[in-house]
Amino acid sequence: MAWRSSVWSCRGFGVRSNVNFLTSKLRGHRFTFYTEQRCGFKKAPKKNEPRKVEPEEVGRREMESAGRSKGPSPLAEPVPTAPPRSFGRLLKPLVFTVAFTGCSFGTAAIWQYESLKSRVQSYFDEERADWLEKLRPQKEGDIRKQVNRWWNSLSEGQRTVTGIIAANVLVFCLWRVPSMQRTMMRYFTSNPAAKDLCFPMIFSTFSHYSLFHMAANMYVLWSFSSSAVSLLGREQFMAVYLSAGVISTFASYICKTASGRLGPSLGASGAIMTILAAVCMKMPEAKLAVIFLPMFTFTAGSALKAIVAMDAAGLVLGWRLFDHAAHLGGALFGIWYITHGHEMIWKNREPLVKIWHDMRTKGPGTGGNGAP
């Protein structure tokens, strides 16, 4: 290869330099440039120091290329800049999991108390509204009336999960905003190697990066919503769903830390597995079918056994297609809650409800026993 040199001059200062382009090897290597000046001093070559890449940025790049999540895991390889794995970092997420689960069921118990208290008043309000509706002249093509008619045609379970689906769609749209990528990676993906460990445990339950992943999860949630809410009730269903999201994420934290495969995950699969397992445990003889193969039916009990076996095998064999630890943790929590958790948690809510009742009934115009 010919050597090349160039001479340039600066009229204002009369400085002249020769620039020699020296090459090291010609095959597969970058060229290295050295500059020699007439004053005799040699300028030291610049060192190309690698730019420090934060774990959030690495996860975002991998997320954009893969587009997979707590269904498919978004990272194919562990984060290279992750800190050494340590089970001591999981103490804070453990405390958060216990506290959040307790708050979820406590809030659900108070919510149910308030719902029962206002049910009689709501009944009379609805009767009065129907009577006024008959007197009011009807408007053809009233959009609000059509929306109300559609809403009233839904089951209680479908109305309950509508808000969950809307939240998932909103978070999915936020993933498409370029300026939100750093925030989404920090708070809406769960990663045991990340700086923030607690709040992403619940936020990632409403987070999907792939449209197919979100559509599949929301379809399963919609399909099982009527059965689950009829078995548990609206308030208990919400407590189980939110707690399942945190518990399944904590199970994922444990397995990732133990295996050393530290990477971000997201999705509602763990919480949905809890709902699916609870319904299958309560109705094991119910007939289920796959949407693409409606001619093949199987019992709910058989489906639950197959799902647990598949996720257990994937966890042991190290499959990377899904976050099998989160799926398995969610399914086991659903099984435990139906067999033991309902008796231990929900049926012992009376002391909390009594305290709330005393707080509500005691006021400036009430006596010591809560009576006016």
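Just so you know, these numbers come straight off a predicted model, no measurement behind them.

*Asks:* Would you mind showing me how to read a nonpolar patch on the surface here?
*Replies:* Together, Tyr-219, Val-290, Ile-291, Phe-292, Leu-293, Met-295, Phe-296 and Phe-298 line one region of the surface with nonpolar side chains, adding up to about 860 Å² of accessible area. Per-element accounting of the nonpolar patch gives the leading share, four residues, to strand S5 (residues 293-299).

*Asks:* Is there a simple way to think about the packing of aromatic side chains in this case?
*Replies:* We describe a pair of aromatic rings using the distance from one ring centre to the other and the angle between the two ring planes. Counted under the stated rule, the structure contains ten aromatic pairs. With centroids separated by 5.8 Å and ring planes inclined at 25 degrees, the aromatic side chains of Phe-96 and Phe-100 adopt a geometry described as stacked. With Phe-96 and Phe-100 both in helix H2 (residues 91-135), this residue pair falls four residues apart, about one helical turn. Neither residue differs from the other here; Phe-96 and Phe-100 are each classed as buried.

*Asks:* Any chance you could explain helix H10 (residues 300-317) here in plain terms?
*Replies:* Helical geometry: 3.6 residues make up each α-helical turn, so side chains three or four residues apart lie on a common side. Spanning 18 residues, H10 covers 26 Å between terminal C-alpha atoms, matching the ideal 26 Å at 1.5 Å per step. Among the residues of H10, those classed as buried are Ala-300, Gly-301, Ala-303, Leu-304, Asp-311 and Gly-314. Down the axis of H10, the buried set is contained in an arc of 165 degrees. They therefore lie on one face. H10 presents Lys-305, Val-316 and Leu-317 as exposed residues on the side facing more than 90 degrees away from its buried surface. In this structure, the buried side of H10 is in contact with helix H9 (269-282), strand S4 (287-290), S5 and helix H11 (324-344). Phi for Gly-318, located one or two positions after H10, is positive at around 80 degrees.

Cut-offs applied
Residues numbered from 1 in each chain as written. Predicted model: local features only at pLDDT ≥ 70, side-chain atom pairs only at ≥ 80, totals over all residues. Heavy atoms only, no water. Patch = residues over 30% accessible without salt bridge, like charges linked within 9 Å, V, L, I, M, F, W, Y side chains within 5 Å. Areas by Shrake-Rupley, 256 points an atom, 1.4 Å probe, with all protein chains shown as cover. Salt bridge = Lys/Arg side-chain N within 4 Å of Asp/Glu carboxyl O. Helix = DSSP H or I, 4+ residues; strand = E, 2+ residues; numbered from the N terminus. Phe/Tyr/Trp six-rings, centres within 6.5 Å; stacked < 30°, edge-to-face > 60°. Buried < 20%, exposed > 50% of the residue type's maximum accessible area, 1.4 Å probe, protein only. Expected span 1.5 Å × (residues − 1). Arc of directions from axis to C-beta. Contact = heavy atoms within 4.5 Å.

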